[in-house]
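Summary of the model geometry
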Amino acid sequence: MTTAVFPGTFDPMTWGHVDIATRARSMFSKVVIAVAHNSTKTPLLDLDTRVALARRATEPLDGVEVVPVEGLLVDFCKGIGAGVIVKGLRGGADYDYERPMALMNRSLTGIETVFITGDNALSHVASSLVRDVARHGGSIGRYVPDGVVDAVAAALAAERAS
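Just so we're clear, the structure is a prediction, and the values are computed from it rather than from any experiment. Numbering of residues starts from 1 in each chain and follows the order in which that chain's sequence is written. Reporting in this predicted model follows two pLDDT cut-offs: at least 70 for local features of residues, and 80 or more for side-chain atom pairs to be given and counted; totals over whole chains, interfaces and linings ignore these cut-offs and use all residues. Where side-chain values are given, they derive from all heavy atoms of the structure, hydrogens and water being excluded.

**Thoughts on the pairing of strand β5 (residues 112-117)**
Pairing between two strands requires that DSSP report at least two bridges joining them. Put simply, DSSP marks the helices as runs of H or I at least four residues long and the strands as runs of E at least two long, and each gets a number from the N terminus on. Pairing of strand β4 (residues 84-89) with β5, which is carried by six bridges, proceeds in the parallel orientation. Each residue of the ladder has a partner; that of Ile-85, found in β5, is Thr-113. With strands facing away from the observer, any crossover in which the path from the first strand over the helix to the second runs clockwise is taken as right-handed. Where the polypeptide runs from β4 across helix α4 (residues 92-109) and back to β5, its parallel neighbour, the crossover connection is right-handed.

What follows is the structure, encoded as structure tokens:
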């Protein structure tokens, strides 16, 4: 049984993320979506909300689990016995960003990273763009699973109020 870890901030979860999780599950016995804190990012949605939305979006997928993660990803992978890290790629810029992390993760623990090319129909969907569209009053419903629109709207309202 091979467990794969699909890490990310998932701020917010998009249909692109669900696509990668679905396809990763077709290749691995179990997929653990690791909702992480990224020190280089300031998330719109808090960790509990991101975990809850990811769980809701992937509930129909047998063999997919969602958990919050703190600390080094490779330590988490080692702790759960994961054999591989899964990353979704929309294009070359994603590869350029992800490659050094994949090499570092392999250097630290020997764990390999598998890149899954995202569905071309979703290649323009990125969490950062979804947040930007929502911040400017645009509709994001077709890019995100159920519950995300309301969560993003609530977070943006709270952000404006502070």
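**Overview of the environment of Val-74**
By secondary structure assignment, the location of Val-74 is in helix α3 (residues 73-80). Residue Val-74 is classed as buried on the basis of its relative accessible area of 4%. With 14 residues separating them along the chain, Val-74 and Gly-88 place their C-alpha atoms 17 Å apart. Leave out the neighbours within four places in its chain, and Val-74 touches Asn-105, Leu-108, Thr-109 and Ile-111. Residue exposure (1.4 Å probe, protein chains only): buried if accessible area is under 20% of the type maximum, exposed if over 50%, otherwise partly exposed. Working rule for contacts: check all heavy atoms of both residues, and any pair within 4.5 Å makes them a contact.

**Regarding the nonpolar core**
Only buried Ala, Val, Leu, Ile, Met, Phe, Trp, Tyr and Cys residues count toward a nonpolar core, and they belong to the same one when joined by side-chain atoms within 4.5 Å. Among the nonpolar cores identified, the biggest contains 21 residues, and Phe-6, Phe-10, Met-13, Ile-33, Val-35, Val-66 and Val-86 are the most heavily contacted of them. Those elements that place two or more of their residues in this core are β1 (3-8), α1 (15-27), β2 (30-36), α2 (47-58), β3 (64-69) and β4. The element best represented in this core is α1, accounting for four residues. For Phe-6, the contacting residues outside a window of four places in its chain are His-17, Ile-20, Ala-21, Val-31, Val-32, Ile-33, Ala-34, Val-86 and Gly-88.

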